[in-house]
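For reference, the chains in residue letters:
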Amino acid sequence: MGSQEAGGDTVKAIVRERYGPPEEVLEFRDVDVPTIRDGEVLVRVRAASVNAGDPAIVKGSPYVIRPVYGVTRPRRRVIGQDLAGTVERAGAKVTRFSPGDEVFGGGFGSFADYAAAPEKRLARKPAGLGFATAAAVPIAGLTALRALRDTARVEAGQRVLINGASGGVGTYAVQVAKALGAEVTAVCSTRNVDQARAIGADHVIDYTQGDFTAGAARYDVVFDNAASHSLASTLRVLTDGGILIPNAGMLDRKWLANLPRMLGAAASTVFSRKRARFSAQAWRPDDLLTLGAWIEAGTVSPAIERTYPLGEASHAVAYVGEGHARGKVVIIV
């Protein structure tokens, strides 16, 4: 089980001891093999992916996240959540997986050779998905699926606008909305227009050339990953009874990130037929399997822009933190 470099019961992982810029605080080093609880499995990680929140978790900013991740220093040394790999060992209360099973989903410290993962956060990896593809699915795919299918309850024929359609969540959102039968408008920059069309957007607005809030078009659902316009102008493009899902992280805000905007969206729709709805992350194996089946069928295709080896994960996190990643960035372990 030990890595060739370290030997024994140590493995390679991306570790941080303090908060700070990814390329300054993330180190590639030996750590002990993770221990697992009764409801967890030990996964031999084959691939992991970087999410928009990972750079913020590494930096410890905005400060609103610190009560969760550690007030003065990180609670978890090894970073990463999304993963795909093979079950090495199963806890005493695990019933769905056995050693040798190929799985994907969420774990603790997935930027490593091995990671502990709760059984409830995993699903069997469909045979038609490679490890890199499967690792690109969990957080971004589940965020889009839950927001559009469960929170907005998108139906066939509805008009859905995805603002910020080129990132990890945005590329999934375009395809999930299409899978649900919606007419989809994607908003992105010039360099991403062709990508938005390729993944199925019916209409594409290049925000450097046009303003979606200034047009006459109205939408049943606006899934806002960018927060690039005022709440008032964004709400204006909704139909009567339309739904705004404010998903923008605004992680460059040092203190409260997007919390004030979310509260403002809720307050602005109290006496309106237009509604703001908020979608919480949920780890449900059936949802992972839904996304996996769509990918196998060609209905959804993960947009993977770059891959990095595990030892270069600090560069991967830094790149995603710049805010210009097109789709997903995956780490090959």
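Each remark here, short or long, concerns the structure printed above.
Read on for a plain summary of the structure.

What counts, and where the lines are drawn
Residues numbered from 1 in each chain as written. Predicted model: local features only at pLDDT ≥ 70, side-chain atom pairs only at ≥ 80, totals over all residues. Heavy atoms only, no water. Helix = DSSP H or I, 4+ residues; strand = E, 2+ residues; numbered from the N terminus. Contact = heavy atoms within 4.5 Å. Buried < 20%, exposed > 50% of the residue type's maximum accessible area, 1.4 Å probe, protein only. Polar contact = N/O pair within 3.5 Å; in protein donor to acceptor, adjacent residues only side chain to side chain. Pairing = 2+ DSSP bridges. Axes fitted to C-alpha atoms, helices over the stretch in contact; angles between N-to-C directions. Parallel < 35°, antiparallel > 145°, perpendicular 65-115°, else oblique. Left-handed = near helix turned anticlockwise from the far one by under 90°. Nonpolar A, V, L, I, M, F, W, Y, C, P; charged D, E, K, R; others polar.

The next subject is the side chain of glutamine 195. Looking at the secondary structure, you find glutamine 195 in helix 7 (residues 193–198). Aside from chain neighbours lying at most four places away, what touches glutamine 195 is Ser166, Thr171, Ala303 and Arg326.

By the element assignment, arginine 275 lies in strand 13 (residues 275–276). For arginine 275, a relative accessible area of 30% corresponds to the partly exposed category. Residues within four places of arginine 275 in sequence aside, it is in contact with Gly241, Gly242, Ile243, Leu244 and Thr269. Within the local environment of arginine 275, its side chain forms a polar contact with the backbone oxygen of glycine 241, the two atoms lying 2.4 Å apart.

Another aspect to go through is the sheet that holds strand 12 (residues 238–246). Taking strand neighbours across the sheet as the criterion, the six strands line up as 10-9-8-11-12-13 in an open arrangement whose pairing is parallel. Edge positions in the open sheet fall to strand 10 (203–206) and strand 13, since each of these has one partner strand only. Contacting strand 8 (159–163), strand 11 (219–224) and strand 12, helix 5 (residues 138–151) crosses the sheet at an angle of about 155° to strand 11.

This paragraph deals with the packing of helix 5 against helix 6 (residues 168–179). To characterise two packed helices, one gives the angle between the axes of the helices and the distance between these axes. Taken N-terminus to C-terminus, the directions of helix 5 and helix 6 make an angle of 45°; their axes are 8 Å apart at the nearest point. What the angle tells us is that helix 5 and helix 6 run oblique. Note on packing geometry: the crossing formed by helix 5 with helix 6 is right-handed. Side by side, helix 5 and helix 6 meet where Ala140, Gly141, Thr143, Ala144, Leu145 and Leu148 of the first sit next to Gly168, Val169, Tyr172, Ala173, Val176 and Ala177 of the second. In the contact of helix 5 with helix 6, the residues fall into nine nonpolar, three polar and no charged.

The values are spatial; any link to function lies outside them.
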